[in-house]
Amino acid sequence: MAKKNISLKLPKKKIPPPQLLRGMKDIYDQDQIWFQEIRKAVAVFARDFGFSRIDTPILEQHSLFVRAVGDQTDVVQKEMYAFVDQGGEHIAARPEATASIVRAYLEHGMLSKPQPVKLYYEGPMFRHERPQLGRYRQFFQFGFEALGDQHPVLDAEMILLGERLLASLGLKVVLQINSIGDENCRPQYTHILKSYFRTNKARLCADCQKRLLKNPLRVLDCKEPSCVGIAKDAPQTIDHLCTACKDHFVQVLEYLDELQIAYELNPRLVRGLDYYTKTVFEYWSDDERFRDKLALGGGGRYDRLAELLGGRTVPAVGMAPGFERIVLLLNELKTYEPKVYAPQVFVAPLGDQARKRALKVYDGLRAAGVRVAQNFSKDGLSSQLGMASKLQARFTLIIGQQEILDDTVMVRDMETSSQEVVDYGKIVGDIKKRLRKK
Ligand code: HAM
């Protein structure tokens, strides 16, 4: 048989190693510990508030977001990762997940389930934004959505859930809230807003001059200094709400008062996504350094979104905070220490034969539920003991030539440095007994 040449082909010229894409981030070390903490909190709060998990695909039809988020939004116009796939389909990497949740709700007939249907999710979202503090092109969100119920108590429950969850991570937030009305009162408000901005048109940025025609609400959350100045004195939505929207908003605020959740009314809070109706809110850090810089999460009611996607009316409310911004604050404020579990036992073999036995001991302890660590490629005793104490293991099991001959294991108490010989066959039971005593 002819011998195959399986040599690894290396490039002739040295080429630079691949790098992260701009605006993307690897999550490892301390950040990964925080991510796990957040995930744990999300799972606990989801259980306590009665939300079940849903995972939707990262890739969706491009048109889903155009219809849901709105074709006049920055997210759709400037920030989508969109492409045509091999089959000629127009695809987008999700910039957010609410649209996907409503799509799934409609597609799987969740209307026939008891309402509200309460779903939560977490995962990466994609927006081609200009990277800056707490702003990435791939970022992670967790989100909670309650679909199929229009009662204002759900808005309050959603706000409560987010506030308590962030507080459980040691983060105090400032809650900003507003109501942007619905299809009854919004058109009239938009008309009034348009005339106001028209009188100041020359001072608006080029983007806002365009927005003015199609979606004047977007001018209210433009970050350009000249637009901010004009928006400051603009007519406010809450002065133009219809009776139903006003009642709804008043009730939400009453529930928040009852729960003693402080809020700031922000008449310019309109959110960057077009699907909202009535209540909109955001959580901001209360720390002075980040107060106006980092929205930790946002949400609101989106009673018409299902219809925008061609379904029946499905009133709904939800919110989604971002992992990276939470982690940024956790790293900066240090208000909270994640619990790190030290290994209980470190296994230290001396030499090749011992290593084989150590592997079995390691596997046996692990299977018995003991937190066990090792660094088997090392041979020296002192380096292994050094690592065991660095990891704060309570016992080190030393297996050398003598222990192999005697069929034993040496158990070293890392606190007292005392050592005891234990039969190899009894080691798992012995360690469990010692750990119970400590
Ligand atoms: P959003 O305000 O676009 O809302 O995003 C929510 C949160 O995601 C933000 O407050 C922020 O923490 C995080 N986030 C957004 N963009 C970035 C970025 N480029 N880099 C890092 N973090 C970011 C939504 O996405 C809605 N779907 C929320 C919602 C759920 N509304 C109703 N239900």
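Since the structure is predicted, the reported quantities are computational estimates derived from the model, not experimental observations.

What counts and how
- Residues numbered from 1 in each chain as written.
- Predicted model: local features only at pLDDT ≥ 70, side-chain atom pairs only at ≥ 80, totals over all residues.
- Heavy atoms only, no water.
- Domains from an automatic or database assignment.
- Near = heavy atom within 4 Å.
- Polar contact = N/O pair within 3.5 Å; in protein donor to acceptor, adjacent residues only side chain to side chain.
- Helix = DSSP H or I, 4+ residues; strand = E, 2+ residues; numbered from the N terminus.
- Nonpolar A, V, L, I, M, F, W, Y, C, P; charged D, E, K, R; others polar.
- Buried < 20%, exposed > 50% of the residue type's maximum accessible area, 1.4 Å probe, protein only.
- Pairing = 2+ DSSP bridges.
- Axes fitted to C-alpha atoms, helices over the stretch in contact; angles between N-to-C directions.
- Parallel < 35°, antiparallel > 145°, perpendicular 65-115°, else oblique.
- Left-handed = near helix turned anticlockwise from the far one by under 90°.
- Contact = heavy atoms within 4.5 Å.
- Expected span 1.5 Å × (residues − 1).
- Arc of directions from axis to C-beta.
- Salt bridge = Lys/Arg side-chain N within 4 Å of Asp/Glu carboxyl O.
- Patch = residues over 30% accessible without salt bridge, like charges linked within 9 Å, V, L, I, M, F, W, Y side chains within 5 Å.
- Areas by Shrake-Rupley, 256 points an atom, 1.4 Å probe, with all protein chains shown as cover.
- Core = buried A, V, L, I, M, F, W, Y, C linked by side-chain atoms within 4.5 Å.
- Lys, Arg positive; Asp, Glu negative; His and termini not counted.
- Charge placed at Lys NZ, Arg CZ, Asp CG, Glu CD.

We now examine the domain arrangement of the protein chain. The domains assigned to the protein chain are domain 1 (29–185 + 241–333) and domain 2 (345–437). The C-alpha centroid of domain 2 is placed 49 Å from the C-alpha centroid of domain 1.

A separate point is the site of the ligand. Around the ligand, the surrounding shell holds 26 residues, and the nearest of these are Glu96, Glu129, Tyr136, Glu145 and Tyr276. At 2.7 Å, a side-chain N or O of Glu129 approaches a nitrogen atom of the ligand. Between the ligand and Glu145, the relevant distance is 2.8 Å, taken from a nitrogen atom to a side-chain nitrogen or oxygen of the residue. Looking at the shell around the ligand, the elements that each hand over two or more residues are strand S6 (138–147), strand S10 (295–301) and strand S11 (316–321). When grouped by side-chain class, the residues that make up the shell around the ligand number 11 nonpolar, 8 polar and 7 charged.

Time to look at the pairing of strand S14 (residues 395–399). Burial runs high along S14: 5 of the 5 residues are buried. Burial along S14 is two-sided: the face carrying Phe395, Leu397 and Ile399 and the face carrying Thr396 and Ile398 are both buried. Two elements, strand S12 (residues 345–349) and S14, share 5 bridges in a ladder whose sense is parallel. Counterpart to Pro349 in the pairing with S14 is Ile399.

Our next topic: the packing of helix H5 (residues 152–168) against helix H9 (residues 243–258). Packing of H5 against H9 brings their axes to within 8 Å, and their N-to-C directions diverge by 45°. With respect to each other, H5 and H9 are oriented oblique. The element H5 and its partner H9 pack so that their crossing is right-handed. Of the residues in H9, those in contact with Pro152, Val153, Asp155, Ala156 and Ile159 of H5 are His248, Gln251, Val252, Tyr255 and Leu256.

Our focus in this paragraph is helix H1 (residues 29–49). Taking 1.5 Å per residue as the helical rise, H1 with its 21 residues ought to reach 30 Å, and the 31 Å between its terminal C-alpha atoms agrees with that figure. Within H1 the residues assigned to the buried category are Asp31, Trp34, Phe35, Glu37, Ile38, Ala41, Val42, Phe45, Ala46 and Phe49. Looking down the long axis of H1, one finds its buried residues gathered within 165° of arc, a one-sided arrangement. Residues of H1 that are exposed and point over 90 degrees away from its buried face: Asp29 and Arg47. The inward-facing, buried residues of H1 abut strand S5 (117–126), S6, H5 and helix H11 (323–333). Gly50, located one to two residues past H1, shows a positive phi value of around 80°.

The subject of this paragraph is the pattern of salt bridges. Applying the stated criterion to the full structure yields 31 salt bridges. The partner of Arg211 in a salt bridge is Asp74, and the shortest N-O contact between them spans 3.0 Å. Remark: Asp74 occurs in helix H3 (residues 74–78) and Arg211 occurs in helix H7 (residues 206–214); sequence separation between them is 137 residues. Since its relative accessible area comes to 27%, Asp74 is described here as partly exposed.

Residues Ile58, Leu59 and Phe83 make up a contiguous nonpolar surface patch of roughly 240 Å² in combined accessible area. The exposure class of Ile58 is partly exposed, given its relative accessible area of 33%.

This part takes up the sheet that holds strand S4 (residues 90–93). Note: strands within a sheet are paired through backbone hydrogen bonds, in either parallel or antiparallel orientation. In space, the 3 strands of this open sheet follow the order S2-S4-S3, with antiparallel pairing throughout. The outermost strands of the open sheet, each flanked by one partner alone, are strand S2 (59–61) and strand S3 (81–84). Sheet twist, expressed as the average angle between the axes of neighbouring strands with direction ignored, equals 35°. In the sheet, S2 pairs with S4 via 3 bridges, with the strands oriented antiparallel. Its bridge partner lying in S4, Leu59 is registered against Ala93. The strands that helix H2 (residues 62–69) touches are S2, S3 and S4; relative to S2, the one it contacts most, it runs at about 70°.

Turning our eyes to something else, we now look at the nonpolar core. Counting residues in each nonpolar core, the largest one holds 52 residues, and the members touching the most others are Leu147, Phe197, Leu204, Leu220 and Tyr275. Here this core takes 5 residues from helix H4 (residues 98–107), the largest share from any one element. With residues near it in sequence (within four places) discarded, Phe197 still touches Leu204, Leu212, Pro216, Val219, Leu220, Ile230, Ala231 and Ala234. One finds Ala46, Phe144, Leu165 and Leu171 within the second-largest nonpolar core, a separate group that totals 46 residues.

What follows concerns a positive patch on the surface. A cluster of basic residues, Lys432, Lys433, Arg436 and Lys437, forms a positive patch on the protein surface. Following the sequence through the fold, Lys432 ends up in helix H15 (residues 427–437). The class for Lys432 is partly exposed, based on a relative accessible area of 34%.

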